[in-house]
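# Structural features, examined
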Amino acid sequence: PHAPDGYWVRRELVYLGVRLRRGGGGSDWVLRLARRERARFNLLPVHEHLLVDAPVRRLRGPLHHIKYGTLDEHIRTMNRYTTVIAERKRASGKRFGWWHVLRIPWELFARLVLKLGILDGRAGIIYAGMAAFYGFLKYAKIWPGGIASESGRPAAGPGESPAGARPGHITGAPDAPTPRHPAA
C-alpha cells in the first residue's frame, strides 16, 4: 500500500501552563506533517494552514500546542489578529450590529457552562473570557471609530505599520517567520 503524503495530528491546547480539556478549546485535528513535494501552505493573513492534495492519515499521538504562556502575550496576539480580521470584514461589507454586543455573555455561557470550561479551573475561565472578547472585538473594530478605518486599513499604532506587519513575516502574525513546508 502507498504511504500517505500527510498526517493529521490531534492538537491538545495548553493555555497559561494548563492543558484545557473542555470549553471549546480542548483539542482539534490539524494537518501538520506532510511530504514537502506534495504540500503547500494556504497563506492567509491569520490562521494560515497546510494543504495536501494526496492521501492523508491520522496519527495516534497528540501534539501539545502551547498557545500562550502569559495573558499579556494572548492580549497582544488577539489585538493583532482582530485588526487583520476586521480589515477583511470591513472590505467585504460587514458592519457592526447591535447583536454583536450579545456575543460576550453568550460565548461566556456557552464555553463555561454548556461546554464545561469552568471545570478547567482558572485557565479555563480566563480562556473562555478571552474567547468571548475576541469574538466581540472582531466586530467592534469595524464599528465607526474602531481600529479598521472606513478604507479597510487599520489605524497604525505609534511606531508600527498597519496590523503590526513587518517585512518577511506573515501579516497578522509578525512574531512568526514565514513557514517552510514541513518534511515527512
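Along each chain, residues carry numbers from 1 onward, in the same order as the chain's sequence is written. Owing to the predicted nature of the model, reporting of local features is limited to residues with pLDDT of at least 70; listing and counting of side-chain atom pairs is limited to 80 or more, with chain, interface and lining totals taken over all residues. The basis for every side-chain value is the complete set of heavy atoms in the structure, and neither hydrogens nor water enter the calculation.

As a further point, take the confidence of the model for the chain. Atomic detail in the predicted coordinates should be set aside for any region of low pLDDT. Each residue carries a pLDDT score, the predictor's confidence in it, ranging from 0 to 100. This prediction gives the chain a mean pLDDT of 79; 78% of its residues lie at or above 70. Highest mean pLDDT in the chain belongs to helix H2 (residues 103-114) (95); lowest belongs to strand E7 (residues 169-170) (32). Contacts from residues 151-184, a stretch scored under 50 in pLDDT, to residues over four places away or in other chains number 69 contacts. Numbered from the N terminus, helices here are DSSP runs of H or I no shorter than four residues, and strands are runs of E no shorter than two. Residue contacts follow a heavy-atom distance rule, with two residues in contact if any of their heavy atoms lie within 4.5 Å.

Okay, helix H1 (residues 71-91) next. An α-helix turns once per 3.6 residues; consequently, residues spaced three or four apart project the same way. Taking 1.5 Å of rise per residue, the 21 residues of H1 would be expected to cover 30 Å, and the 30 Å separating its terminal C-alpha atoms lies within 8% of that figure. Among the residues trailing H1, Gly 93 stands out with phi positive, at a value near 90°. The span you would expect from a helix comes to 1.5 Å times its residue count less one.

Okay, the packing of H1 against helix H3 (residues 121-140) next. The interhelical angle for the contact between H1 and H3, taken along N-to-C directions, is 25°, at an axis separation of 8 Å. Here H1 is positioned roughly parallel relative to H3, judged by the angle of their axes. As for how H1 packs across H3, the hand of that crossing is right-handed. Contacts between H1 and H3 involve Leu 71, His 74, Ile 75, Met 78, Tyr 81, Thr 82, Ile 85, Ala 86 and Lys 89 from the first element and Ile 126, Met 130, Phe 133, Tyr 134, Leu 137, Lys 138 and Tyr 139 from the second. Nonpolar residues are Ala, Val, Leu, Ile, Met, Phe, Trp, Tyr, Cys and Pro. Charged residues are Asp, Glu, Lys and Arg, and all others, Gly as well, are polar. Of the residues that constitute the contact of H1 with H3, the class distribution is twelve nonpolar, two polar and two charged. Axis angles are defined between N-to-C directions and span 0 to 180 degrees, where every axis is a line fitted to C-alpha atoms and, for a helix, only to the segment in contact. Throughout this description, any angle smaller than 35 degrees is read as roughly parallel, any larger than 145 degrees as roughly antiparallel, any in the 65 to 115 degree range as roughly perpendicular, and the remainder as oblique. By convention the crossing between two helices is left-handed if the near helix lies anticlockwise of the far one by an angle smaller than a right angle, and right-handed if it lies clockwise.

For the rest of this paragraph, the subject is the side chain of Thr 82. With respect to the secondary-structure elements, Thr 82 resides in helix H1. Here's how the labels work: a residue is buried when its accessible area is under 20% of the maximum for its type, exposed when over 50%, partly exposed in between, all with a 1.4 Å probe on protein chains only. By relative accessible area, Thr 82 is classed as buried at 0%. If we ignore the near neighbours within four places in the chain, the residues touching Thr 82 are Tyr 134, Leu 137, Lys 138 and Lys 141.

Here the focus is the pairing of strand E5 (residues 49-52). Judged by which residues are buried, E5 turns out to be one-sided: Leu 50 and Val 52 face inward and are buried, whereas His 49 and Leu 51, on the alternate face, are not. For two strands to pair, DSSP has to find at least two bridges joining them. Two elements, strand E4 (residues 39-42) and E5, share four bridges in a ladder whose sense is antiparallel. Each bridged residue has a counterpart across the sheet, and for Arg 40 the counterpart in E5 is Leu 51.

Moving on: the pattern of salt bridges. One side-chain nitrogen of Lys or Arg within 4 Å of one carboxyl oxygen of Asp or Glu is enough to make a salt bridge. Across all of its chains, the model carries ten salt bridges by this definition. Between Asp 5 and Arg 35 there is a salt bridge, with the nearest N and O atoms lying 3.1 Å from each other. Taken together, the positions of Asp 5 in the segment before strand E1 (6-15) and Arg 35 in the loop between strand E3 (27-34) and E4 put the pair 30 residues apart, joining distant regions of the chain. The salt bridge partner of Arg 19 is Glu 12, with a shortest N-O separation of 3.2 Å.

Turning our attention to the packing of H2 against H3. Running from N to C, H2 and H3 cross one another at 150°; their axes reach a closest spacing of 8 Å. Two packed elements cross with a definite hand, and for H2 against H3 that hand is right-handed. The segment H2 lies against H3, with Arg 103, Ile 104, Glu 107, Leu 108, Arg 111 and Leu 112 engaging Gly 124, Ile 125, Tyr 127, Ala 128, Gly 129, Ala 131, Ala 132, Phe 133, Gly 135, Phe 136 and Tyr 139. Here the residues of the contact of H2 with H3 are counted per class, giving eleven nonpolar, three polar and three charged.

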